[in-house]
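Structural characterization, general
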Amino acid sequence: MELCIGSSSSVKALLNLNPSRPSLSIIRTTSLSLWDPFLQFKNRASSSLRLPFHPCQRQFLQPNLSQLRGNCCRFVALASSSSSSSSSVAPGAEKDKLPASIEVTETEEPNSRLKLSIEVPPAVCDDCYNKVIREFMKLSKIPGFRPGKRVPESILVDYVGKKNVQKATVESILKRTLPHAMSSVTDRALRDSIRIVTKFSDMEQTYSSLNSLRYDIIVDVAPQIKWIPEDGYKNLKIVVEIDSDIDAQKASEQELKRRHKSLGTLRIVTDRGLQIGDVAVLDISATTTDEDESNVQKIPSAESKGFHFDTEDGDKVLPGFLDSIVGIQSGETRSFPLVFPESWRQENLRGVHAQFTVECKELFYRELPELDDSLADKLIPGCTTLEQVKKALLQRCLEVEQTAKEQATDNAILDQLCKMVEVDIPQSLFQEQGRQLYGANLLEIQAKMKLSDEQLASLSSQKTVNEYLETQRENITRLIKQNLAVGDIFKRENLQFSSDDLIKEVENSITEFKRQKQEYDEDRVREQVQEILEGAKVLEWLKEHAEIQYITR
């Protein structure tokens, strides 16, 4: 029943982040966790948290080579490894010396993207062609020629096929020239964002007719951050709203009351109606109200069968609900109108006029033991007096209050940073961040419930992930802006953290991965831990230099 909190109608709904959810803060404790979604402060490779599906890998080129005759098919793995391997060509790959220089023209495009137009001169193409011929010569077993015997080029080409030689030559040209083409953007290119956009057939045509090659590359580069105003982060003025529910004194009193109630006994009410302090078992249904009866609809999220309603929690349900059922007796049914307030958690119900129908199935009152020292050990094991219980509960709540206050401060700072930066976010970075959030949510769901193969397949599909990325676009974009802003401040202010902390937290994180029996990449874990430590340092620095005001809401 969603009178008090929202519930999901399906497992898929659990994966949607609440747009109003505060930003995830950097973990400040000595035990960092890579199991929660965390801020990624630099543009690095994808998270080591792996989804069950295999996302589409960006490929440079994957031509469909014809099967070569005889043993010549073995050459495909050698002569065309640059393209048929289908993985990617790293920007920093080793560069093969070329007989002539290639010409590269850079053109800036939206979303921090560059287009590189490459022109390969005939001298380079001829050199690649000769290498291809030599490789075919080594691998081919042509009837009438002894192994290792030089075969006339015309006979070799005829045996292998002119078209196949041409394809292999174009692939060889790409393999040798790509590292040179990327050399000017190696330090800026985002990993796995590079792709050749020129059709392979067009490259073949150019090479065949002109004995040269032209192709275009699209690559995402690290976005540039613009601060408004410049260095504005150095003089932050932050207003932090603290929820009154986390007040330690109030929370400790409520916790003592809850524990006391748990020691009580429920007795059936037979001679009166519902009073404050009772517990009622209710069947609840609701419909929208409209003069046009054809527009009346059920409100599924407000329906519940056998709902155990503690009247002392009346402030947590829809306003007016408790007042409308006070006095109801077991077996009685009541119907009454209520209006969902504009501040209601579910946006689609805000301001909705509803007609509720409530049937009281059972009614109970609590018989509580006297709250004195005799209950101390039952309230908190080890305590001998009620005063010890109160002090222990207050101490715990003070710790929770402090943690919540620090979390709220971090969130307020991150939200302010997000408003102070302008950045052109590349699509590959957006997808990476979104997939990390989705993967973390999916791991959390898997840890809480056993998913069927059908559910897992549905949640792991490319369509489901893409839907998630689109619905969470605003939230993902906000997180990326915060991450980039934090990373920029870390570099600007020359902040540092100890290597001992890094080593310790990497070990803790790997231990956690092993405990959860999840695969991990140690280098990636180190990078992620480093990013978290950097973020913690930035928040620490910002709080020291900011003017912070706390208000209670």
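Since we're looking at a predicted model, the values are computed, not measured.

What follows is about the confidence of the model for the protein chain. For residues with low pLDDT, the predicted coordinates do not support detailed interpretation. Confidence in the prediction for the protein chain averages 81 pLDDT; 82% of positions are at 70 or higher. Long-range and interchain partners of residues 2–11, a stretch whose pLDDT sits below 50, account for 23 contacts in this model, where long-range means more than four residues apart.

In this section: the environment of G314. With respect to the helices and strands, the residue G314 is situated in the loop between β9 (304–310) and α8 (321–325). Since its relative accessible area comes to 18%, G314 is described here as buried. Sequence-wise, G314 and G277 are 37 residues apart; in three dimensions their C-alpha atoms are separated by 9.8 Å. G314 has contacts with F309 and L322, leaving out every residue within four places of it along the chain.

Bringing the packing of helix α7 (residues 248–262) against helix α10 (residues 386–420) into the picture now. Direction vectors running N to C along α7 and α10 enclose 130 degrees, while the axes themselves pass 8 Å from each other. With respect to each other, α7 and α10 are oriented oblique. Seen from above, α7 lies across α10 with right-handed handedness. Counting all contacts with α7, which are made through A248, Q249, A251, S252, E255, L256 and R259, the residues of α10 involved are L386, V389, K390, L393, L394, R396, C397, L398 and E401. Split into classes, the residues belonging to the contact of α7 with α10 amount to 9 nonpolar, 2 polar and 5 charged.

So, about the sheet that holds strand β4 (residues 213–220). On the basis of which strands lie adjacent, the open sheet formed by 4 strands has the order β1-β2-β4-β3 and antiparallel pairing. Two strands lie at the open edges of the sheet, namely β1 (103–109) and β3 (195–196), each paired on one side alone. Where strand β2 (residues 113–120) meets β4, 8 bridges bridge the pair, whose relative direction is antiparallel. Following the sheet pairing, I118 is matched in β4 by Y215.

Let us now look at the nonpolar core. In terms of nonpolar packing, the biggest core is built from 40 residues, with V120, L213, Y215 and I217 touching the most fellow members. Ignoring any residue separated from it by four or fewer positions in sequence, one finds I217 in contact with L114, K115, L116, I118, L178, A181, M182, I194, R195 and I196.

Moving on, we get to the packing of aromatic side chains. According to the stated counting rule, one finds 12 aromatic pairs in the structure shown. Seen from their ring centres, F309 and F321 are 5.7 Å apart, and the 80 degrees between their planes marks the pair as edge-to-face. Placement of F309 in strand β9 and of F321 in helix α8 is noted, with a sequence separation of 12 residues between them. Judged by its relative accessible area of 2%, F309 is buried. Residue F321 is classed as buried on the basis of its relative accessible area of 0%.

What counts, and where the lines are drawn
- Residue positions are given per chain, counted from 1 along the sequence in the order it is written.
- Owing to the predicted nature of the model, reporting of local features is limited to residues with pLDDT of at least 70; listing and counting of side-chain atom pairs is limited to 80 or more, with chain, interface and lining totals taken over all residues.
- The basis for the side-chain values is all heavy atoms of the structure; hydrogens and waters are excluded.
- A residue's pLDDT is the confidence the predictor assigns to it, expressed on a 0 to 100 scale.
- We call two residues contacting when some pair of their heavy atoms lies within 4.5 Å.
- Strands here are runs of E lasting at least two residues and helices are runs of H or I lasting at least four, both read from the DSSP assignment and numbered beginning at the N terminus.
- Each residue is placed in one exposure class: buried if its accessible area under a 1.4 Å probe, protein chains only, is under 20% of its type's maximum, exposed if it is over 50%, and partly exposed if it falls in between.
- Interaxial angles span 0 to 180 degrees and are taken between N-to-C directions of axes, which are lines fitted to C-alpha atoms, for helices over the stretch in contact.
- Throughout, the term roughly parallel applies to angles under 35 degrees, roughly antiparallel to angles over 145, roughly perpendicular to angles from 65 to 115, and oblique to all others.
- Left-handed describes a crossing whose near helix is turned anticlockwise from the far helix through less than a right angle; right-handed describes the clockwise counterpart.
- Gly is put with the polar residues, along with every residue not named as nonpolar or charged; the nonpolar set is Ala, Val, Leu, Ile, Met, Phe, Trp, Tyr, Cys and Pro, and the charged set is Asp, Glu, Lys and Arg.
- For two strands to pair, DSSP has to find at least two bridges joining them.
- Only buried residues count toward a nonpolar core. Its members are Ala, Val, Leu, Ile, Met, Phe, Trp, Tyr and Cys residues joined through side-chain atoms within 4.5 Å.
- In this analysis, rings of Phe, Tyr and Trp, with Trp reduced to its six-membered ring, are considered paired at centre separations within 6.5 Å, and the interplanar angle assigns stacked below 30 degrees, edge-to-face beyond 60, and tilted for intermediate values.

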